[in-house]
Amino acid sequence: LPACRDSKLFIKDLHFDEVPVRIYLPRVPSASKRRGVIFFHGGCGMFGSIRSHERICRYIARKSDSVVVSVGYHLSPEYNYPAQTLDCLTATVHFLKTAENYGVDSDRIIVCGDSAGGTFTASVCQELVNRRHIPKIRAQVLIYPFLQALNFNLPSHQKNAFVGFLSREHTVRFILKYLKKDCSMTEAILAGSHVPKSMNLKYRKWIYPDLIPEIFKLGYKPPLPTSFLPQVHEETKELFETRFSPLLAEDTVVCRLPDTCIITCEHDVLRDDGLLYKKRLEDNNVKVTWYHMEEGFH
(Lines give C-alpha, C1' and ligand atoms only; values in the text may rest on other atoms or scores of the structure.)
Protein backbone atom coordinates (compact mmCIF):
# COMPACT_ATOMS: atom_id res chain seq x y z
CA LEU A 1 0.00 0.00 0.00
CA PRO A 2 1.25 3.54 -0.70
CA ALA A 3 2.19 5.88 2.12
CA CYS A 4 -0.69 8.03 3.37
CA ARG A 5 -0.53 11.81 3.27
CA ASP A 6 0.45 13.57 6.51
CA SER A 7 0.07 17.31 7.10
CA LYS A 8 3.29 17.46 9.13
CA LEU A 9 5.48 14.96 7.25
CA PHE A 10 6.77 14.22 3.80
CA ILE A 11 6.60 10.44 3.37
CA LYS A 12 8.54 8.63 0.66
CA ASP A 13 8.92 4.97 -0.30
CA LEU A 14 12.43 4.21 -1.53
CA HIS A 15 14.99 1.40 -1.73
CA PHE A 16 18.35 1.46 0.01
CA ASP A 17 20.51 -0.98 -1.97
CA GLU A 18 17.41 -3.05 -2.87
CA VAL A 19 16.02 -2.97 0.69
CA PRO A 20 12.56 -1.30 0.85
CA VAL A 21 12.38 1.69 3.21
CA ARG A 22 9.86 4.39 4.04
CA ILE A 23 11.22 7.79 5.04
CA TYR A 24 9.34 10.28 7.21
CA LEU A 25 10.67 13.84 6.89
CA PRO A 26 9.22 16.77 8.87
CA ARG A 27 7.71 19.38 6.52
CA VAL A 28 8.80 22.39 8.58
CA PRO A 29 12.27 23.57 7.49
CA SER A 30 15.04 23.18 10.05
CA ALA A 31 17.79 25.71 10.74
CA SER A 32 20.25 22.87 11.24
CA LYS A 33 20.59 19.23 10.27
CA ARG A 34 18.10 16.95 11.98
CA ARG A 35 18.55 13.78 13.96
CA GLY A 36 17.97 10.47 12.19
CA VAL A 37 16.17 7.35 13.43
CA ILE A 38 16.44 3.97 11.74
CA PHE A 39 13.51 1.77 12.78
CA PHE A 40 13.26 -2.04 12.54
CA HIS A 41 9.77 -3.41 13.14
CA GLY A 42 9.06 -6.49 15.24
CA GLY A 43 7.28 -9.68 14.23
CA CYS A 44 9.66 -12.60 14.81
CA GLY A 45 11.23 -11.99 11.41
CA MET A 46 8.08 -13.47 9.84
CA PHE A 47 5.33 -10.89 10.47
CA GLY A 48 4.94 -7.14 10.45
CA SER A 49 5.87 -4.57 7.85
CA ILE A 50 6.55 -0.91 7.26
CA ARG A 51 2.77 -0.53 7.12
CA SER A 52 2.10 -2.24 10.47
CA HIS A 53 4.41 0.22 12.25
CA GLU A 54 3.32 3.31 10.33
CA ARG A 55 1.76 5.08 13.30
CA ILE A 56 4.71 4.70 15.65
CA CYS A 57 7.17 5.88 13.00
CA ARG A 58 5.03 8.95 12.26
CA TYR A 59 4.77 9.63 15.98
CA ILE A 60 8.56 9.45 16.47
CA ALA A 61 9.19 11.71 13.47
CA ARG A 62 6.68 14.35 14.63
CA LYS A 63 7.44 14.34 18.36
CA SER A 64 11.24 14.29 18.05
CA ASP A 65 11.47 16.42 14.90
CA SER A 66 13.63 13.68 13.38
CA VAL A 67 13.94 12.00 10.00
CA VAL A 68 12.76 8.40 10.48
CA VAL A 69 13.71 5.54 8.15
CA SER A 70 11.47 2.46 8.55
CA VAL A 71 13.12 -0.64 7.10
CA GLY A 72 11.00 -3.21 5.26
CA TYR A 73 13.41 -6.13 5.55
CA HIS A 74 12.48 -9.32 3.69
CA LEU A 75 10.62 -11.86 5.81
CA SER A 76 11.05 -15.56 6.53
CA PRO A 77 10.17 -18.15 5.26
CA GLU A 78 10.45 -16.69 1.75
CA TYR A 79 13.87 -15.27 2.67
CA ASN A 80 16.09 -17.47 4.81
CA TYR A 81 17.79 -16.30 8.00
CA PRO A 82 19.99 -14.23 8.24
CA ALA A 83 18.53 -12.22 5.32
CA GLN A 84 16.52 -10.12 7.80
CA THR A 85 19.55 -8.97 9.81
CA LEU A 86 21.59 -8.42 6.65
CA ASP A 87 18.84 -6.26 5.14
CA CYS A 88 18.78 -4.15 8.31
CA LEU A 89 22.55 -3.82 8.22
CA THR A 90 22.53 -2.87 4.53
CA ALA A 91 19.87 -0.19 5.02
CA THR A 92 21.68 1.21 8.06
CA VAL A 93 25.04 1.51 6.30
CA HIS A 94 23.36 3.14 3.30
CA PHE A 95 21.65 5.74 5.49
CA LEU A 96 24.82 6.47 7.47
CA LYS A 97 26.63 7.17 4.22
CA THR A 98 23.87 9.26 2.63
CA ALA A 99 22.29 10.96 5.66
CA GLU A 100 23.13 14.47 4.47
CA ASN A 101 20.98 13.91 1.38
CA TYR A 102 17.98 13.87 3.74
CA GLY A 103 19.05 16.81 5.88
CA VAL A 104 20.33 14.54 8.67
CA ASP A 105 23.44 14.98 10.81
CA SER A 106 25.31 11.69 10.30
CA ASP A 107 26.72 11.93 13.84
CA ARG A 108 23.21 12.00 15.37
CA ILE A 109 21.65 8.81 14.04
CA ILE A 110 20.11 6.21 16.35
CA VAL A 111 18.88 2.68 15.63
CA CYS A 112 15.62 1.51 17.18
CA GLY A 113 13.48 -1.64 17.12
CA ASP A 114 10.82 -3.56 19.00
CA SER A 115 10.91 -7.29 19.82
CA ALA A 116 12.72 -9.00 16.91
CA GLY A 117 13.42 -5.47 15.66
CA GLY A 118 15.30 -5.01 18.94
CA THR A 119 17.30 -8.13 18.12
CA PHE A 120 18.21 -6.68 14.71
CA THR A 121 19.09 -3.36 16.37
CA ALA A 122 21.48 -5.03 18.82
CA SER A 123 23.00 -7.17 16.08
CA VAL A 124 23.51 -4.27 13.65
CA CYS A 125 25.18 -2.15 16.33
CA GLN A 126 27.51 -5.03 17.20
CA GLU A 127 28.41 -5.63 13.56
CA LEU A 128 29.18 -1.94 13.05
CA VAL A 129 31.68 -1.53 15.91
CA ASN A 130 34.54 -2.60 13.63
CA ARG A 131 33.37 -0.72 10.54
CA ARG A 132 35.59 2.18 9.62
CA HIS A 133 35.07 5.01 7.15
CA ILE A 134 31.39 5.39 8.04
CA PRO A 135 29.81 7.46 10.85
CA LYS A 136 29.21 5.80 14.20
CA ILE A 137 25.73 5.03 15.51
CA ARG A 138 24.94 7.59 18.22
CA ALA A 139 22.63 5.36 20.27
CA GLN A 140 20.47 2.23 20.17
CA VAL A 141 16.93 1.81 21.51
CA LEU A 142 15.82 -1.74 22.34
CA ILE A 143 12.09 -2.12 22.98
CA TYR A 144 11.43 -5.45 24.78
CA PRO A 145 14.11 -7.18 22.67
CA PHE A 146 14.77 -10.89 22.19
CA LEU A 147 18.50 -11.32 22.88
CA GLN A 148 19.32 -14.95 23.66
CA ALA A 149 18.19 -18.49 22.85
CA LEU A 150 20.21 -20.44 25.43
CA ASN A 151 17.98 -20.29 28.48
CA PHE A 152 14.18 -20.31 28.39
CA ASN A 153 13.90 -20.91 32.14
CA LEU A 154 14.78 -17.47 33.46
CA PRO A 155 12.43 -15.85 36.01
CA SER A 156 10.52 -13.93 33.35
CA HIS A 157 9.99 -17.13 31.33
CA GLN A 158 8.50 -18.85 34.36
CA LYS A 159 6.41 -15.89 35.53
CA ASN A 160 4.95 -15.17 32.09
CA ALA A 161 4.95 -18.68 30.64
CA PHE A 162 1.25 -18.53 29.76
CA VAL A 163 0.75 -14.82 29.14
CA GLY A 164 -1.36 -14.16 26.07
CA PHE A 165 0.14 -13.26 22.69
CA LEU A 166 3.70 -14.34 23.47
CA SER A 167 3.80 -17.36 25.78
CA ARG A 168 7.00 -19.24 26.55
CA GLU A 169 6.08 -22.08 24.19
CA HIS A 170 5.03 -19.72 21.40
CA THR A 171 8.39 -17.95 21.66
CA VAL A 172 10.31 -21.13 20.89
CA ARG A 173 7.86 -22.20 18.19
CA PHE A 174 8.24 -18.84 16.48
CA ILE A 175 12.02 -19.20 16.63
CA LEU A 176 11.92 -22.64 15.04
CA LYS A 177 9.48 -21.51 12.34
CA TYR A 178 11.62 -18.46 11.64
CA LEU A 179 14.67 -20.68 11.14
CA LYS A 180 12.58 -23.23 9.19
CA LYS A 181 13.27 -26.00 11.71
CA ASP A 182 11.15 -28.88 12.94
CA CYS A 183 8.82 -27.65 15.70
CA SER A 184 8.94 -31.08 17.33
CA MET A 185 12.13 -29.82 19.04
CA THR A 186 10.16 -27.24 21.03
CA GLU A 187 10.03 -29.21 24.30
CA ALA A 188 13.73 -30.07 24.16
CA ILE A 189 14.70 -26.43 23.69
CA LEU A 190 12.35 -25.26 26.43
CA ALA A 191 14.07 -27.73 28.74
CA GLY A 192 17.54 -26.56 27.67
CA SER A 193 18.53 -29.88 26.09
CA HIS A 194 19.99 -28.06 23.07
CA VAL A 195 22.83 -26.56 25.12
CA PRO A 196 25.92 -28.65 26.01
CA LYS A 197 27.22 -28.38 29.57
CA SER A 198 30.42 -26.68 28.45
CA MET A 199 28.44 -23.92 26.77
CA ASN A 200 26.20 -23.43 29.80
CA LEU A 201 29.29 -23.05 31.97
CA LYS A 202 30.90 -20.63 29.52
CA TYR A 203 27.91 -18.31 29.30
CA ARG A 204 26.53 -18.48 32.83
CA LYS A 205 28.60 -15.36 33.59
CA TRP A 206 26.17 -13.49 31.29
CA ILE A 207 22.98 -15.59 31.24
CA TYR A 208 22.02 -16.89 34.66
CA PRO A 209 19.10 -16.32 37.07
CA ASP A 210 21.42 -15.03 39.82
CA LEU A 211 22.20 -12.01 37.61
CA ILE A 212 18.56 -10.89 37.70
CA PRO A 213 17.68 -8.40 40.48
CA GLU A 214 15.91 -10.06 43.42
CA ILE A 215 12.76 -7.97 42.95
CA PHE A 216 12.16 -9.78 39.63
CA LYS A 217 12.72 -13.29 41.04
CA LEU A 218 9.72 -13.64 43.34
CA GLY A 219 8.40 -17.20 43.06
CA TYR A 220 11.23 -18.36 40.81
CA LYS A 221 12.14 -22.06 41.05
CA PRO A 222 15.35 -23.43 39.49
CA PRO A 223 14.46 -25.94 36.74
CA LEU A 224 15.22 -29.64 37.13
CA PRO A 225 18.41 -30.93 35.46
CA THR A 226 17.93 -32.05 31.87
CA SER A 227 19.81 -34.34 29.51
CA PHE A 228 21.81 -32.87 26.62
CA LEU A 229 20.56 -33.96 23.18
CA PRO A 230 23.41 -33.68 20.63
CA GLN A 231 21.10 -34.05 17.63
CA VAL A 232 18.96 -31.08 18.73
CA HIS A 233 22.10 -29.03 19.29
CA GLU A 234 23.35 -29.83 15.77
CA GLU A 235 19.99 -28.91 14.27
CA THR A 236 19.82 -25.54 16.03
CA LYS A 237 23.37 -24.18 15.95
CA GLU A 238 22.11 -20.85 14.59
CA LEU A 239 20.71 -20.14 18.05
CA PHE A 240 24.24 -19.65 19.36
CA GLU A 241 25.37 -17.14 16.76
CA THR A 242 25.76 -13.61 18.13
CA ARG A 243 23.70 -12.42 15.16
CA PHE A 244 20.79 -14.41 16.62
CA SER A 245 21.69 -14.14 20.32
CA PRO A 246 23.43 -10.77 20.80
CA LEU A 247 23.85 -11.45 24.53
CA LEU A 248 26.61 -13.91 23.61
CA ALA A 249 28.87 -11.24 22.09
CA GLU A 250 32.30 -10.91 23.67
CA ASP A 251 33.17 -8.00 25.96
CA THR A 252 35.56 -6.66 23.32
CA VAL A 253 32.46 -5.93 21.22
CA VAL A 254 30.03 -4.93 23.98
CA CYS A 255 32.39 -2.33 25.44
CA ARG A 256 32.37 -0.43 22.13
CA LEU A 257 28.60 -0.23 21.72
CA PRO A 258 26.80 3.15 21.63
CA ASP A 259 24.68 4.66 24.38
CA THR A 260 21.65 2.47 24.91
CA CYS A 261 18.00 2.79 25.94
CA ILE A 262 16.31 -0.46 26.98
CA ILE A 263 12.57 -0.79 27.55
CA THR A 264 11.26 -3.85 29.40
CA CYS A 265 7.73 -4.93 30.36
CA GLU A 266 6.72 -6.78 33.51
CA HIS A 267 4.32 -9.21 31.80
CA ASP A 268 6.76 -10.33 29.10
CA VAL A 269 8.71 -13.57 28.71
CA LEU A 270 11.56 -11.51 27.21
CA ARG A 271 11.85 -9.15 30.16
CA ASP A 272 15.01 -10.77 31.52
CA ASP A 273 16.80 -10.62 28.16
CA GLY A 274 16.64 -6.84 28.49
CA LEU A 275 17.72 -6.92 32.14
CA LEU A 276 20.71 -9.14 31.37
CA TYR A 277 21.83 -6.97 28.44
CA LYS A 278 21.47 -3.89 30.62
CA LYS A 279 23.86 -5.44 33.14
CA ARG A 280 26.33 -6.47 30.44
CA LEU A 281 26.41 -3.00 28.96
CA GLU A 282 26.80 -1.33 32.35
CA ASP A 283 29.58 -3.78 33.30
CA ASN A 284 31.35 -2.64 30.14
CA ASN A 285 30.89 1.06 30.95
CA VAL A 286 28.27 1.71 28.27
CA LYS A 287 25.76 4.37 29.26
CA VAL A 288 22.30 2.81 29.67
CA THR A 289 18.89 4.38 30.17
CA TRP A 290 16.31 1.83 31.33
CA TYR A 291 12.52 2.15 31.35
CA HIS A 292 10.46 -0.63 32.94
CA MET A 293 6.72 -0.77 32.30
CA GLU A 294 5.30 -2.41 35.43
CA GLU A 295 1.89 -3.07 33.87
CA GLY A 296 3.26 -3.55 30.36
CA PHE A 297 2.78 -6.53 28.04
CA HIS A 298 4.87 -7.62 25.08
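You'll find the protein chain entered in an unreviewed UniProt entry as ADCL4 protein, with Thalassarche chlororhynchos given as the organism.

Next up on the list: the pairing of strand E4 (residues 67-71). Of all the five residues making up E4, five are buried; the element is thus mostly covered by neighbouring parts of the structure. As paired strands, strand E2 (residues 19-26) and E4 are joined by four bridges and run antiparallel to one another. Bridging from a neighbouring strand, Tyr 24 pairs with Val 68 of E4. One crossover worth recording links strand E3 (residues 34-40) to the parallel E4 by way of helix H1 (residues 54-64), and it is right-handed.

Another aspect to go through is the sheet that holds strand E1 (residues 9-16). If you walk across this open sheet you meet the eight strands as E1-E2-E4-E3-E5-E6-E7-E8, and the pairing is mixed. Where the open sheet ends on each side, the last strands, each with one partner, are E1 and strand E8 (288-297). Looking at each pair of strands side by side, their axes are set apart by 20° on average, direction ignored. Taken together, the five bridges between strand E6 (residues 139-143) and strand E7 (residues 259-267) define a ladder with parallel strand orientation. Considered in E7, the bridge of Gln 140 is made with Thr 260. Here helix H3 (residues 116-128) sits on the sheet in contact with E3, strand E5 (104-114) and E6, set at roughly 140° to E5.

In the UniProt entry, the feature "domain: Alpha/beta hydrolase fold-3" (unreviewed entry) is given for residues 37-181 and 239-298. Between the C-alpha atoms that bound residues 37-181 there is a distance of 34 Å. The span itself is 39% helix and 17% strand. With 28% helix and 32% strand, the stretch residues 239-298 has end C-alpha atoms that lie 21 Å from each other.

Here is what the cut-offs are and how they apply
- The residue count restarts for each chain, going from 1 along the sequence in the order it is written.
- Per-residue local features are limited, in this predicted model, to residues with pLDDT of at least 70; the limit for side-chain atom pairs, both in listing and counting, is 80 or more; totals at the level of whole chains, interfaces and linings are taken over all residues.
- Heavy atoms throughout the structure, all of them, feed into the side-chain values; hydrogens and water do not.
- Each residue is assigned to one of three classes by its accessible area relative to the maximum for its type, calculated with a 1.4 Å probe on protein chains only: buried under 20%, partly exposed between the two thresholds, exposed over 50%.
- Helix and strand assignments follow DSSP, with helices taken as H or I runs no shorter than four residues and strands as E runs no shorter than two, numbered in order from the N terminus.
- The criterion for strand pairing is that DSSP finds at least two bridges linking the strands in question.
- Crossovers are described as right-handed under a simple rule: with the strands pointing away from the observer, the path leading from the first strand over the helix to the second runs clockwise.
- Here, axes are lines fitted to C-alpha atoms. For helices the fit covers the stretch in contact, and angles between N-to-C directions go from 0 to 180 degrees.
- Residue contacts follow a heavy-atom distance rule, with two residues in contact if any of their heavy atoms lie within 4.5 Å.
- UniProt positions are given in the numbering used here, feature names are shortened, and annotations may be inferred rather than shown by experiment.

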